[in-house]
Amino acid sequence: MQSVTLICVGKLKDAFFEMASDEYMKRLKSYAKVNIIEIKAGVLPENPKKSEINAVLEKEGEEILKKIPSASKVVTLCIEGKLFSSEDTAKLLSDTALSGVSHIVFIIGGSYGLSEKVKNRSDIRLSMSKMTFPHRLARIMLLEQIYRGYKINSGESYHK
C-alpha cells in the first residue's frame, strides 16, 4: 500500500475544515496510508517586510525539510507550479508506485508560500489553479484530489 504524507504549514482552525479532512482521511484508508504533518506557522507582524517574510519562510522550510522521508517523491504546491487535472493526479500516484517509490509527499506552505529550498527539493511543482486559495482550503482540495486519483486508478465512478 502506498504511503502519502501531507506536510502543511499551519493547523486547521475551523471545525468544518477538520470535519472535511477527517472524512477524506477515512475514505483514503482503503487506498493508501495517509499521514498529515503540521508545521507551526511563523508569526509575522501585520505589514511584514520582505526580509521578515523570507526569515519565516526559511525557518518553516527547515522544519519541512526535516520531515520529508528519504526516498520519497516530493510534490510542492505553489503558484508557479504545473496545473494538473484529476487524471494527471491519478497518473502521478500510479506512476510513483510503479517506479518503485512507495512514499509520496505533498507540501502545502502557509500564507506566504514556501521557501526556495523546499521548492528546490521537490520533484514536481504543482498548482491547483490560477486562483489563490487559503492554505486550509487547499489541504481539503488536495485530499479530495488524492482520493479522486485513487478512485480513478481503481476504475471506480467517483470522478464522473
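Structure: above.
What comes next is a walk through the structure. Every value quoted in this text rests on a predicted model; they were computed, and no experiment measured them.

Another aspect to go through is the overall build of the protein. Within the protein, the secondary structure is distributed over five helices and five strands. Secondary structure elements of the protein occur, N-terminal to C-terminal, as β-α-β-α-β-α-β-α-β-α. On C-alpha atoms alone, the protein measures out to a radius of gyration of 15 Å, which is about the 15 Å that the 2.2 N^0.38 rule sets for 160 residues. Seen through its principal axes, the protein has C-alpha atoms that stretch 50 × 35 × 25 Å. Within the protein, the proportion of its 160 residues that are buried is 46%. The long-range fraction of contacts in the protein, counting pairs at least 24 apart against all pairs at least 6 apart in sequence, stands at 84%. Accessible area of the protein: about 8900 Å², with a carbon and sulfur share of 53%.

Once that is clear, we can look at the pattern of salt bridges. Close approach of charged atoms lets side chains of opposite charge pair. Scanning all chains against the criterion turns up 13 salt bridges. Between K151 and E156 there is a salt bridge, with the nearest N and O atoms lying 2.4 Å from each other. One connected set of salt bridges, linked through shared partners, spans E80, E116, K119 and R125.

Moving on: the nonpolar core. Ranked by internal contacts, the top residues of the largest apolar core, which has 27 residues, are V4, L6, F106, I146 and Y150. Looking at which element gives the most residues to this core, the answer is helix α5 (residues 135-153), with seven residues. Residues contacting F106, with those up to four places away along its chain left out, are V4, T5, L6, I7, V75, L77, L92, L93, L142 and I146. Counting eleven residues, the second largest nonpolar core, distinct from the first, contains I7, V9, I37 and I107.

Right, let's talk about the packing of helix α3 (residues 86-98) against α5 for a bit. At a minimum axis distance of 8 Å, the contact between α3 and α5 shows a crossing angle of 75°. As the angle between them shows, α3 and α5 are arranged roughly perpendicular. Between α3 and α5, the contacting residues are S86, E87, T89, A90, K91, L93 and S94 on the first element and Q145, I146, R148, G149, Y150, I152 and N153 on the second. Class assignment of the residues belonging to the contact of α3 with α5 gives a composition of five nonpolar, six polar and three charged.

What follows covers the environment of K130. Here K130 shows up in the loop between β5 (124-127) and α5. In sequence terms K130 and K82 are 48 residues apart; their C-alpha atoms lie 10.0 Å from each other.

A separate point is the packing of aromatic side chains. Overall, the coordinates contain four aromatic pairs when judged by the stated rule. Aromatic side chains F16 and F17 sit 4.6 Å apart centroid to centroid with 45° between the ring planes, which places their arrangement in the tilted category. With relative accessibility at 55%, the residue F16 sits in the exposed group. Assessed through its relative accessible area of 12%, F17 is described here as buried. When the ring of Y31 is compared with that of Y147, the centres are 6.0 Å apart and the planes differ by 70°; the resulting orientation is edge-to-face.

Rules behind the numbers
- Residues numbered from 1 in each chain as written.
- Predicted model: local features only at pLDDT ≥ 70, side-chain atom pairs only at ≥ 80, totals over all residues.
- Heavy atoms only, no water.
- Helix = DSSP H or I, 4+ residues; strand = E, 2+ residues; numbered from the N terminus.
- Rg over C-alpha atoms; globule rule 2.2 N^0.38 Å.
- Buried < 20%, exposed > 50% of the residue type's maximum accessible area, 1.4 Å probe, protein only.
- Contact = heavy atoms within 4.5 Å.
- Areas by Shrake-Rupley, 256 points an atom, 1.4 Å probe, with all protein chains shown as cover.
- Salt bridge = Lys/Arg side-chain N within 4 Å of Asp/Glu carboxyl O.
- Core = buried A, V, L, I, M, F, W, Y, C linked by side-chain atoms within 4.5 Å.
- Axes fitted to C-alpha atoms, helices over the stretch in contact; angles between N-to-C directions.
- Parallel < 35°, antiparallel > 145°, perpendicular 65-115°, else oblique.
- Nonpolar A, V, L, I, M, F, W, Y, C, P; charged D, E, K, R; others polar.
- Phe/Tyr/Trp six-rings, centres within 6.5 Å; stacked < 30°, edge-to-face > 60°.

This is a description of form; function is not addressed.
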